[in-house]
Amino acid sequence: KWTDKERSTVASVWEKIDIDEIGPQALARILIVYPWTERYFGTFGDIFTATAVLNNDKVAAHGKVVMKALDKAVKNIDNIRGTYADLSRLHYETLRVDPDTFKLLADCITITVACKLKSALSPQVQATWQKFLSAVVDAMSSQYE
Ligand code: ZNH
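The structure presented is a predicted model; accordingly, all values stated were derived computationally and were not measured.

1. Notes on the overall build of the protein chain
Right, so step 1: Regarding its fold elements, the protein chain presents eight helices and zero strands.
Right, so step 2: Start at the N end of the protein chain and walk to the C end: the helices and strands fall as α-α-α-α-α-α-α-α.
Right, so step 3: Against the 2.2 N^0.38 benchmark of 15 Å for 145 residues, the protein chain shows a C-alpha radius of gyration of 15 Å, consistent with a compact globule.
Right, so step 4: Seen along its three principal axes, the alpha-carbon backbone of the protein chain occupies a region of about 45 × 40 × 20 Å.
Right, so step 5: Looking at the protein chain as a whole, 28% of its 145 residues are labelled buried.
Right, so step 6: Counting contacts in the protein chain only where the partners sit at least 6 residues apart, residues at least 24 apart contribute 74% of the total.

2. Remarks on the environment of W2
Right, so step 1: Summarising the element assignment, W2 is placed in the segment before α1 (4-16).
Right, so step 2: Residue classification places W2 among the partly exposed residues on the basis of 15 C-beta atoms within 10 Å.
Right, so step 3: Taking the C-alpha atoms as reference points, W2 and K75, separated by 73 residues in sequence, lie 13 Å from one another.

3. Observations concerning the site of the ligand
Right, so step 1: Around the ligand, the structure places 19 residues, and the nearest of them are T37, Y40, A69, T101 and L105.
Right, so step 2: Elements with a minimum of two residues in the shell around the ligand: α4 (57-75), α6 (85-94), α7 (100-117) and α8 (123-141).
Right, so step 3: Per-element accounting of the shell around the ligand gives the leading share, five residues, to α4.

Definitions and limits used
- Residues numbered from 1 in each chain as written.
- Predicted model: local features only at pLDDT ≥ 70, side-chain atom pairs only at ≥ 80, totals over all residues.
- Helix = DSSP H or I, 4+ residues; strand = E, 2+ residues; numbered from the N terminus.
- Rg over C-alpha atoms; globule rule 2.2 N^0.38 Å.
- Buried ≥ 20, exposed ≤ 12 C-beta atoms within 10 Å, placed from the backbone.
- Contact = placed C-beta atoms within 7 Å.
- Near = placed C-beta within 6 Å.

Here you go:
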């Protein structure tokens, strides 16, 4: 499913990503652009303005948790579905996250990465990166019925 070129591209983008920087920014971004995603983060306090959400420690911490999970997908690129089966079930059964929001978050991650990498994210690299995130979104949705 993945060519050698795609594997090395995903690995090289991942290597340039600082989880502690991109995670908080990407999670803040989904909350700013899609304010209704706030409904899943009832215990996070004030996240209704850009300033508040960008300075919220719980948002930052959770952004890092999500990006650390992406590290597992990078390292298990041939079995992302298996790697995320339990996580998918948790989001379906317990957290009740609408699976459409996985795609929204994936796009927010790409936007945040693009702002950081600038021209290093060439069209080809971006296409491969988005293919990788599509596989993540597919795996996160796999246990939904
Ligand atoms: Zn999620 C949680 C991942 C998306 C919401 N997450 C979580 C965790 C992880 C994750 C790892 C932890 C778990 C445990 O603890 O065990 N996510 C993830 C990923 C993704 C996601 C990878 C994709 C890509 N999420 C998501 C979204 C949302 C969410 C989109 C909404 C909007 N999550 C969530 C919540 C939680 C989680 C709410 C819980 C939190 C707390 O509580 O802290």
